[in-house]
Every structure is written in C-alpha cells, then in structure tokens.
Amino acid sequence: MQNSFIGKVLLLSIFSLILVSCNSNQPTESSKHKISRLEGPETEARIKEILSQMTLKEKAGQMLNVGLPSVLTKGYWDKRDSAVFDTARFRKLIVEYAVGSMHNTPGFPPTRKDWFRLIKTIQDAAMTETRLKIPVLYGIDDIHGANYVLGSTMFPQEIALAASWNPEMAFNCGEVTSYESRTASLPWNYNPNTDLAVNPLWGRIGESFGEDTYLVSQMTSAYLLGSQHKGLDDSTSTAVCLKHFLGYGAALNGKDRASATIPENYLRQYYLPQFEEAINKGAMGVMVSSNNVNGIPCHSNYFYITSILKGELGFKGVVISDFSDIENLVVAHQTAEDKREATKQAVNAGLDMIMNPYDADVVDYIVDLVEKGEIPMVRIDDAVTRILRLKFYLNLFEVPYNDPANYTGFASAENTEKNYQAAGEAVTLLKNSNNILPLPANKRILVTGYSANSINVLNGAWSRSFLGQDTLFNDRDKLTILQGIKANSDASKIMYAEGTNYLEDINTDKALALARNADYVVVCLGEIPASEKPSDINELDMPMVQQELVKKLAAIKKPIILVMVQGRPRIIREIEPLCDAVVMGFLPGNEGGRAIADVLFGKINPSGKLPYTWPKYTGNALVYNHKKSDVRDINWGYDGFYPQYEFGYGLSFTKFEYSDLHLSADSLNMGETLKISVKVSNTGSLEGKEVVELFTRDIVASIAPDVKSLKRFDKISLKPGESKTVEFSISDKDLGFVGADNQWITEKGKFQVSIGGGPGNMLSKEFYLSE
C-alpha cells in the first residue's frame, strides 16, 4: 500500500469538486485538478479587470501585511485584555492605504465571537469605504489547531504528528484546524512547517515533521489535504501557507534564523521535494525563510523565489515574507543600506507580500521605487495578481467573514476524540526493561518533575500565546500527566512533588522522601515552551537540574519510568541507564496528559516511532541518512554512528515479527515498477499498531550515497495472532538522486531494499537496476 490514505483523500477531493461542478453546470473535466471552485478563466478575467483599475498605491497596498495591533489603541506590544480600534490608525491603514492583508492577535486569544467582531469590522470598512472594495486577507499561525481562538481544539505539535507515522493524524489536524479557524473568520493559515529539521539543537524542531524528506512530504501533504480537500471556497477550509522557503531548519549553529550552508544538489534532493509535492497538491501560500543560505538572505534570493519556486515548481500562489524580514535585510543580514533598498531587493527577488507589522512605509517605498524605474510594473502586477487570486479562491469577495453561530462543531467531542487519538499514536516507547509497563492501577506511585503537572509544557509554544507560557488561558478541563495518572488509578495512592522547574531545583528533597514510600516513580522531564529566538539553547543536554533529580531518585532503588515532554531530542546519556522505562511524549497538546497516562497504564498500546535521530553525544549528532564516511571511527572502521535511539525506532507492548520478504523481480529496468511484499505477524498477546518501514540503499553511485533512505511506510493494526501481507511499489525514480550537475539522475547498479518495524527488526534483499 503506497500512500494509501493520501491517495484515498485525493480521490474524494476530486470527486467532491466534480460533483459540485456538475450541480452548478460547470464542466466536469476542468474541475479535476481544481483547488477552488472559483479557479478558472472567469476569475482570471475578473483579476485583470480589477488590476486595470488600480492605482500604483492601491497595488502596493495589496502587497502590505500589517499586524492587528497596528490598528488598535495602545502600543503594538502593550498588554491588552480587550481589543479596541484606534480610529485614526484604522482609517489610515484599512481605508487610505487599503491594506491587502493582516495578521497576529490583539495580544490575547479572543473568543470566536470576538474574532468575528474584529474581522467583520475590518472587512466592512475594506469593502464599503475603499474605492475598489477588495477584502482583506487575514492570516494567523495556527500551528497545532486554531490555537489563537479561545477554547479551540489544540492538537499535538507537528513533531508529535510525525511520530505517529500516520498521515491520517495530520489530515485530521488540518481539517479540524481549518474548521475551527474559519469559525473565527480566519481563512489563511501560516502552517504547516515544511522545513527539514537536520540539527537537533534547533528550537523549532517541535514544529517540524522531522529529519526525513519523504516523511515530511507525506505528513505535509496530509495536513494540506485535511485543510483544503473540500475546496478553498468552502466555508470550512483554510488556505495553508508552507514555510519556510528554504533551509530554515538547517542552521549550522542550530539557532533560529541563523546561517545555513546547503549545496544546490542537497537543496534539490532533501529540502525541495516536500515543497514541490505540496504545491502540486494545491498549496497557495509560501512563507520565505528568515535566514540566509550560502550567504544569500532567502528574502532577496531571486534564484530561490523566482527561478525555482515560481519557475520550476510553477507556484501560482502568494509568496509572503516572515515577520519584519524586510527590515532584517538591513539590521541582521546587512545586505541593504536602508529599508527602501531592502524593499527593492525583496520585491525584485519575487516577494509578493511584505509582512511589515507596524506601519505602511513599505507601500510608499514601493510606489517610489516603481516611479523611479527600480522595480518594474510587471513585477508589481504579478504580485497583486497572485494576492487577488488567493482572495477569489477563498471566496472572500462574496463571504468575507463567517458567523460562528453556523459552526456547531467547534471544540466538539468528535474533534476532541481525534485530538486524543493523535496524541496517543504519537507517544513513543523507547525502553521497557522487564516489561515494567503497563503499570498496575493499585500501586503507590510518585509523580514528579517539571512537566508532570503542566498543561503549558504539554502544548508548547503557539498555545493561546506566542510562547505558550501564560497559564491564564489554559483549558481547565484538560488533564496534566499527574491528573491523567490519578484518573487511571487509586488517586489516594498517587503522590506528587514538583521536584524542579526547567532550570532550578524546587523541592527535590520532598520528592526523595516521597519516593521511599512509593512502588514506582514516574519522573517527567521536559523543555520550557518556546519558539523562534527564545527557543535557542547552547547545549543539547537535558538541563542538569532535571538530570540530577533522576540520579538522586535512582539512588533510592525504586523502579523509574522516565517521561519526556519536549520537541528536541535532549541528551539523556547519563540518566537513561538509571530508568526502567523511557517514554517520549513530544509536545502532545491538550489531550497529551490523558494520552500519556493511558499509555503508562496500558489503555493505549504505544505505536509511535521516532521522526528523527536521537543523539547520545553532542559531537555525534548525525541524521539517519548520512554517508558511510561520516561514521569512520577512531580505529579506522565504520562503527562511529552510535545514537541513543535511531530514526524510526519505537517499541510496543506486543511483539511483531516479519517474514516472507518477496520482490517481484531480482532485476528492474528503467521505467518499470518493483513490487515488494512482507508478512507482518502479531505474535504477542495484545492488539497493536505497527509502522512498516521501507528503506533502499544504493550500493555504488557517482556521488557518495546515503547509507539508507526511507521510501515508503504504512501503519497497520493487528490483533493477537493476526498476520497481514503489506505491499509496496517503487520505481526507478525512487532510486534517483541529484548529481554533481544539480540534476536528478538514476544510475544502474545494485540496490538493497530493507523492510521492517525499525532498527534491529528489518529484512533485506538486493536487486539490480538495468538501463
């Protein structure tokens, strides 16, 4: 089964568009690849008509994206508990400059009714008081649900969805996020994060789908389809905005917005395919990366934006900057002398929309630059055409806002169940010595550690507030890990001491005293919620105070279950041997406490697999698909790859065995398909889900090949004693790579295919590819 879930969704999406097109007397054939029922010649003609009527200032105004606080009372970053429009600022930006787009919150998470009031006020002004009556395109960072709408469903973060290795979980997240975002009249989502996370230090790794191109591509596509499969014009769909183009997760020092060095052949092989796949499936927004690659800021990189994205990939949507990144060409990258020059560089590179949060100065710069011949009018017309196209596709000219009363499924029990299922499938069991898990329900248990009793840590950043650290807006009915454990057992036998916070000791002595009377110790470690620059760290080790808590508890000689709630794979080399079980919860969202507790007590059989390599040492942080020469050891052998846990690793409470690996042929010609099958059996006593992973390896190539490369995967469910035959197909294209000439090539020769449930549980066979 190759991409079976995504394939089914694509067929349903096409059928839905065809059905509605037939009902509306539109040609069926032309609807097969539409992402909106408003896509087509009629809309393009309307765009040209509007464009022909626009003044240069009106065109430049469409290219501006300002922050909501810029039209409210008080300063941009001042704290607020209500959103009040500043009449003068509002009129200047919304009416006089006819701003094309807006973003951000008022500084707190409004209810959906409050969002409706805000958006309605903005749209009513734009569509009645401006000359051309063009609606505003409102964008928001809905990173793991409609997280800036109070009371919405907050899913696991992307790294947790990736750990489920189940595209259906990403699809559900996209679908529910879109529905609950549209109930607040928010039609454009600055998500998913399509970056490849290759440096474990990177603070936004928790917002990514991991380190593998194919896994990232499959999860990104599933999220996109969940968001858009009903058509962008549907009142429950949002347009996704892929980010960050290109190489944001590859910073050499692991810091946010830091420089990356990526050869073009690597860029095309590892960093570009996931964007291309999503664009082919209908992505209409792309946000540019804030960093520079090979010394060239992405925001002024004509080759990336115009030649590759708009040219080679045929992208027809809107390319938007990230927050204040035109100014950053001046102050951070130092490639422009002033903001006017920075605006010129970015727009000429192909940028369509400038996220300039505070004011409209870039509009004046654009007008001046065009009048002086420094930006051609054709570039402006291209940008505005793309912006208007997205507004038409979203049907904003007809339905600029949505009455929340029409969305009865907001934060519904069904959405909560999908959220819980995603969190449960994400939890990854990394160690289970002597089958200590599941825990019995009638024992004395000490629960301790920084993440044990915090909803905020479970959710991470982008949770009601940017950093996710404000407890004021937490949903009071959601369970922490501690509360989930109490719900699964005799609450009177559950003891709790905080132990530490993120970096400081709180009451470790109390935790030690309680541990002496416990049968088991569940110690919950984790990271402080953060994103972007506040998420930067200087060392990957789990904070020492948290490690010391584990070491001191281990001295009491009680069984220790280590639970981690974090985005990054923090180094635990010294404490891992002290623990009887290790559970990775990632950032599992609002249902994460319940899901983790249900894993600990066996209500959920864990099925997560790592979406990245977990290093054991800071100086040995390699991605799984490294080169053989990377692991040359000090004895001149090739035993230099020794992570804590490998990519694709994860345990279950049951046991799966693989047998009968079969290839349809032992040789393959160019243009042919190789069918691969394997029998998977549940030989344990519990029903469980298993991720079947398929890797290939090129034995010899004209440039150093990866030691292995993920090509397919499927997640199946098996009852005790049940077996299934899982089938995949690969073609010669799956065996290709980007050569020294920066072109894709497939070379004849010997290949190895490996299939199984992860490292240490794989079957392999070789085959030959002929010309």
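Residues numbered from 1 in each chain as written. Predicted model: local features only at pLDDT ≥ 70, side-chain atom pairs only at ≥ 80, totals over all residues. Heavy atoms only, no water.

Describing the side chain of Glu 180
Here comes step 1: Within the fold, Glu 180 resides in helix α7 (residues 167-182).
Here comes step 2: In this structure, Glu 180 is buried with no salt-bridge partner, the nearest side chain bearing the opposite charge being Arg 464 at 7.1 Å.
Here comes step 3: Look past the residues within four positions of Glu 180 in its chain and what remains in contact with it is Ala 146, Val 149, Ser 152, Thr 153, Gly 409, Phe 410, Ala 411, Ser 412 and Asn 415. (Helix = DSSP H or I, 4+ residues; strand = E, 2+ residues; numbered from the N terminus. Buried < 20%, exposed > 50% of the residue type's maximum accessible area, 1.4 Å probe, protein only. Lys, Arg positive; Asp, Glu negative; His and termini not counted. Salt bridge = Lys/Arg side-chain N within 4 Å of Asp/Glu carboxyl O. Contact = heavy atoms within 4.5 Å.)

Structural notes on the packing of helix α13 (residues 339-349) against helix α14 (residues 361-371)
Here comes step 1: One way to put it is that α13 packs onto α14 with a least axis distance of 9 Å and a crossing angle of 70°. Comparing the axis directions of α13 and α14 gives the class roughly perpendicular. Note on element contacts: α14 touches α13 through Asp 361, Val 362, Tyr 365, Ile 366, Asp 368 and Leu 369, opposite Lys 339, Arg 340, Thr 343 and Lys 344.
Here comes step 2: In terms of residue class, the contact of α13 with α14 is made up of 4 nonpolar, 1 polar and 5 charged. (Axes fitted to C-alpha atoms, helices over the stretch in contact; angles between N-to-C directions. Parallel < 35°, antiparallel > 145°, perpendicular 65-115°, else oblique. Nonpolar A, V, L, I, M, F, W, Y, C, P; charged D, E, K, R; others polar.)

Overview of the packing of aromatic side chains
Here comes step 1: Counting across every chain of the model gives 27 aromatic pairs.
Here comes step 2: Judged by centre distance (5.3 Å) and plane angle (75°), the rings of Trp 165 and Phe 713 are edge-to-face. Placement of Trp 165 in the loop between α6 (158-164) and α7 and of Phe 713 in strand β22 (residues 709-718) is noted, with a sequence separation of 548 residues between them. The residues Trp 165 and Phe 713 share a single accessibility class, namely buried.
Here comes step 3: Taken together, Trp 165, Tyr 214, Tyr 624, Phe 647, Phe 695 and Phe 713 form an aromatic cluster joined through their ring pairs.
Here comes step 4: Of note, Arg 594 hangs over the ring of Tyr 420, and the distance from its end group to the ring centre comes to 3.9 Å.
Here comes step 5: Lying across the ring of Tyr 638, Lys 628 places its NZ or CZ 4.6 Å from the centre. (Phe/Tyr/Trp six-rings, centres within 6.5 Å; stacked < 30°, edge-to-face > 60°. Lys NZ or Arg CZ within 6 Å of the ring centre and 35° of its normal.)

Focus on helix α11 (residues 302-312)
Here comes step 1: Every buried residue of α11 is listed here: Tyr 304, Ile 305, Thr 306, Ile 308, Leu 309 and Lys 310.
Here comes step 2: Gly 314, located one to two residues past α11, shows a positive phi value of around 65°.

Digging into the pattern of salt bridges
Here comes step 1: As enumerated under the stated definition, the model contains 45 salt bridges in all.
Here comes step 2: Ionic pairing is found between Lys 372 and Asp 368, a salt bridge with its closest N-O pair at 2.4 Å.
Here comes step 3: Overall, Lys 372 belongs to the exposed group, its relative accessible area being 55%.
Here comes step 4: Across the salt bridge formed by Glu 657 and Lys 655, the nearest N and O atoms sit 3.8 Å from each other.
Here comes step 5: When salt bridges that share partners are traced, they join Arg 204, Glu 207, Asp 256, Arg 257, Asp 322 and Glu 532 into one network.

Focus: the environment of Met 287
Here comes step 1: Its place among the elements puts Met 287 in strand β7 (residues 285-288).
Here comes step 2: Met 287 sits 31 residues away from Val 318 along the chain, and the two C-alpha atoms are 8.4 Å apart.
Here comes step 3: Excluding anything up to four places from it in sequence, Met 287 contacts Tyr 190, Cys 241, Leu 242, Lys 243, His 244, Phe 245, Ile 320, Ser 321, Asp 322 and Met 355.

As for the sheet that holds strand β17 (residues 581-584)
Here comes step 1: Pairing is mixed in the open sheet, where 6 strands are placed in the order β12-β17-β16-β15-β13-β14. Single-partner strands in this sheet number two, and they are β12 (428-432) and β14 (494-497). When the angles between neighbouring strand axes are averaged without regard to direction, this sheet yields 15°.
Here comes step 2: As paired elements, strand β15 (residues 520-526) and strand β16 (residues 560-565) share 6 bridges and run parallel to each other. Bridging across to β16, Val 523 finds its partner in Leu 562.
Here comes step 3: Where helix α19 (residues 508-515) meets the sheet, its contacts fall on β13 (445-448), β14 and β15, and the angle it forms with β14 comes to roughly 160°. (Pairing = 2+ DSSP bridges.)

Considerations on the nonpolar core
For soluble globular proteins, nonpolar side chains are generally found buried alongside one another.
Here comes step 1: Leu 68, Ile 94, Trp 115 and Trp 188 are the most contacted members of the largest nonpolar core, which has 138 residues in total.
Here comes step 2: Ignoring anything within four residues of it in the chain, the contact list for Leu 68 reads Phe 85, Met 102, His 103, Asn 104, Thr 105, Pro 106, Trp 115, Leu 118, Ile 122 and Tyr 138. (Core = buried A, V, L, I, M, F, W, Y, C linked by side-chain atoms within 4.5 Å.)

A word on helix α10 (residues 273-280)
Here comes step 1: Along α10, the positions that sit buried rather than exposed are Gln 274, Phe 275, Ala 278 and Ile 279. The buried residues of α10 all sit within an arc of 135° when viewed along its axis, so they share a single face.
Here comes step 2: If you follow the buried residues of α10, they end up packed against α8 (213-228), β6 (242-245), α9 (264-271) and α11.
Here comes step 3: A positive backbone phi angle near 115° is found at Gly 282, which sits one or two residues after α10. (Arc of directions from axis to C-beta.)

Distances and angles like these do not, on their own, reveal function.
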